[in-house]
Amino acid sequence: VPRVVDLKQGVLDKNDRLARALRADLGDRGVIVINLVSGPGSGKTALLEEVLRRMRAAGHAVAALTGDLATENDARRLARSGAPVRQIMTDGNCHLEADIVRDHLEGWLPEDTEVLLIENVGNLVCPANYDLGESLRIVIASVTEGEDKPLKYPTMFFTADLVVISKIDLAEAAEFDRSAFLAAVAQVHPGVEVLETSARTGDGIDEVVERILGARG
Ligand SMILES: Nc1nc2c(ncn2[C@@H]2O[C@H](COP(=O)(O)OP(=O)(O)OP(=O)(O)O)[C@@H](O)[C@H]2O)c(=O)[nH]1
Ligand SMILES: [Mg+2]
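The rules behind these values
- Residues numbered from 1 in each chain as written.
- Chains lettered and ligands numbered in written order.
- Predicted model: local features only at pLDDT ≥ 70, side-chain atom pairs only at ≥ 80, totals over all residues.
- Heavy atoms only, no water.
- Phe/Tyr/Trp six-rings, centres within 6.5 Å; stacked < 30°, edge-to-face > 60°.
- Helix = DSSP H or I, 4+ residues; strand = E, 2+ residues; numbered from the N terminus.
- Buried < 20%, exposed > 50% of the residue type's maximum accessible area, 1.4 Å probe, protein only.
- Pairing = 2+ DSSP bridges.
- Axes fitted to C-alpha atoms, helices over the stretch in contact; angles between N-to-C directions.
- Contact = heavy atoms within 4.5 Å.
- Donors = N, O, S within 2.8 Å, 3.2 Å for Na, K, Ca; no water.
- Disulfide = S-S within 2.5 Å.
- Near = heavy atom within 4 Å.
- Polar contact = N/O pair within 3.5 Å; in protein donor to acceptor, adjacent residues only side chain to side chain.
- Areas by Shrake-Rupley, 256 points an atom, 1.4 Å probe, with all protein chains shown as cover.

Enquirer: Account for the packing of aromatic side chains, naming residues and giving values.
Expert: By the definition in use, this model includes 2 aromatic pairs. Centroid distance phenylalanine 157 to phenylalanine 181: 6.5 Å. Interplanar angle 75°. Geometry classified as edge-to-face. Here the residue phenylalanine 157 occupies a position in helix α6 (residues 154–159), and phenylalanine 181 occupies one in helix α7 (residues 178–188), the gap between them amounting to 24 residues. Note on accessibility: phenylalanine 157 and phenylalanine 181 belong to one class, buried. Taking the relative accessible area as the measure of exposure, phenylalanine 181 reaches 1% and is therefore buried. Taken together, the aromatic side chains of Phe157, Phe176 and Phe181 make up a single cluster linked through ring pairs.

This is the structure in structure tokens:
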């Protein structure tokens, strides 16, 4: 057992080193990275489509990487925004790692990019431990997933800089208990900022954009 633990720690240490180097390198080029994480189907792609569209309309140079075990479906959806988009297929891996991100940027990331948005693999466990060189980690939970998700996946909510409650247009139908959700968030990550969005109605998207721009330091 100790050997397994050592190996796992070794992988995480290596990823942390690579992520730090990537953050420094991209920072020198004027690029900040946003890492979007959530369970499968919480609305990462839908939110990103809206964010990319609005940021481009405001004149910001944005680009997106999206990770999935299989298919290029999300890249196709995101490309509708007009932003440069690249799909990463993880070949069975349940998260992205810093070296995979770095390799996919080579020869692809446009020089003038200000913000690189990364949609992680839909999973509330694995991605929590892997820094991708981001300046802002956004965890998304939709109103249909249950109010106790922060308590069940504490690492993900603890490591996030921003919590987004998505599909807020469905809150009533799902009988979403806002105060129970906020209490669960407060228990695992006191003081973290929480925003509510709907990719359907556009509610809250501008606030997310503002928060992303605020991460430029
Ligand atoms: N009503 C409503 N539906 C939404 C919203 N956002 C996403 N959806 C729907 O939820 C489903 C999943 O959305 P996606 O954007 O694909 O979710 P995802 O997190 O990218 O999914 P994976 O990449 O597969 O993990 C789709 O059918 C979307 O149309 C929203 O704000 N409101
Ligand atoms: Mg997606």
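Enquirer: Tell me what's going on with unusual backbone geometry, and back it up with residues and numbers.
Expert: Both trends apply: most residues other than glycine have a negative phi, and most peptide bonds are in trans. Its identity is not glycine, yet threonine 71 carries a phi of approximately 80°, on the positive side. The phi dihedral of glutamate 175 falls on the positive side, at around 50°, and the residue is not glycine. Locating glutamate 175 in the fold gives a position in the loop between β6 (162–166) and α7.

Enquirer: Can you tell me about the sheet that holds strand β3 (residues 85–89), naming the residues and giving the values?
Expert: Hydrogen bonds along the backbone pair up the strands of a sheet, which may run parallel or antiparallel. Pairing is parallel across the open sheet formed by 7 strands, whose spatial order is β3-β2-β4-β1-β5-β6-β7. Strands with a single pairing partner mark the edges of an open sheet, and in this sheet they are β3 and β7 (193–196). Averaged over all adjacent pairs, the angle separating strand axes in this sheet is 20°, with direction ignored. Where helix α4 (residues 98–105) meets the sheet, its contacts fall on β2 (62–68), β3 and β4 (115–119), and the angle it forms with β3 comes to roughly 140°. Set on the sheet, helix α8 (residues 205–214) makes contact with β1 (32–38), β4, β5 (136–142), β6 and β7; between it and β5 the angle comes to about 160°.

Enquirer: Describe the coordination of the magnesium ion (ligand 2), with residues and values.
Expert: Within the first shell, the magnesium ion (ligand 2) binds the protein through Thr45 (OG1), Asp74 (OD) and Glu119 (OE), at distances of 2.1 Å. Between consecutive donor residues of the magnesium ion (ligand 2), the sequence gaps follow T-x28-D-x44-E. Of this pair, threonine 45 sits in helix α2 (residues 44–57) while aspartate 74 sits in helix α3 (residues 73–79); the two residues are 29 residues apart in sequence, bridging distant segments of the chain. Taken individually, threonine 45 and aspartate 74 each receive the classification buried, so the pair is uniform in this respect.

Enquirer: Can you lay out the state of the cysteines for me, pointing to particular residues and giving the numbers?
Expert: What the rule picks out here adds up to 1 disulfide. Each sulfur in the disulfide pair cysteine 94 and cysteine 126 lies 2.2 Å from the other. The sign of the S-S torsion, about -100°, decides the handedness of the disulfide formed by cysteine 94 and cysteine 126: left-handed. Within this pair, whereas cysteine 94 is found in the loop between β3 and α4, its partner cysteine 126 is found in the loop between β4 and β5, the two being separated by 32 residues in sequence. With relative accessibility at 19%, the residue cysteine 126 sits in the buried group.

Enquirer: Explain the environment of glycine 122 to me, and be specific about the residues and the numbers.
Expert: Here glycine 122 lies in the loop between β4 and β5. A C-alpha to C-alpha distance of 4.7 Å links glycine 122 and glycine 39, two positions 83 residues apart in sequence. Filtering out sequence-adjacent residues up to four positions away, glycine 122 remains in contact with Ser38, Gly39, Pro40 and Lys44.

Enquirer: Could you give an account of the pairing of β4, with specific residues and numbers?
Expert: Among the 5 residues in β4, 5 count as buried, and that is most of the element. On β4, burial covers both faces: Val115, Leu117 and Glu119 on one face and Leu116 and Ile118 on the other are all buried. The pairing of β1 with β4 spans 5 bridges and is classified as parallel. By the bridge assignment for β4, leucine 36 is matched with glutamate 119.

Enquirer: Please give an account of the site of ligand 1 that cites residues and values.
Expert: In the vicinity of ligand 1 lie 18 residues, with Lys44, Thr45, Arg77, Asp169 and Ala199 positioned nearest. Within the side chain of lysine 44, an N or O atom sits 2.7 Å from an oxygen atom of ligand 1. Relative to its unbound accessible surface of 650 Å², ligand 1 loses 75% to contact with the protein. Among the elements of the structure, α2 and α3 are those that each provide at least two residues to the shell around ligand 1.

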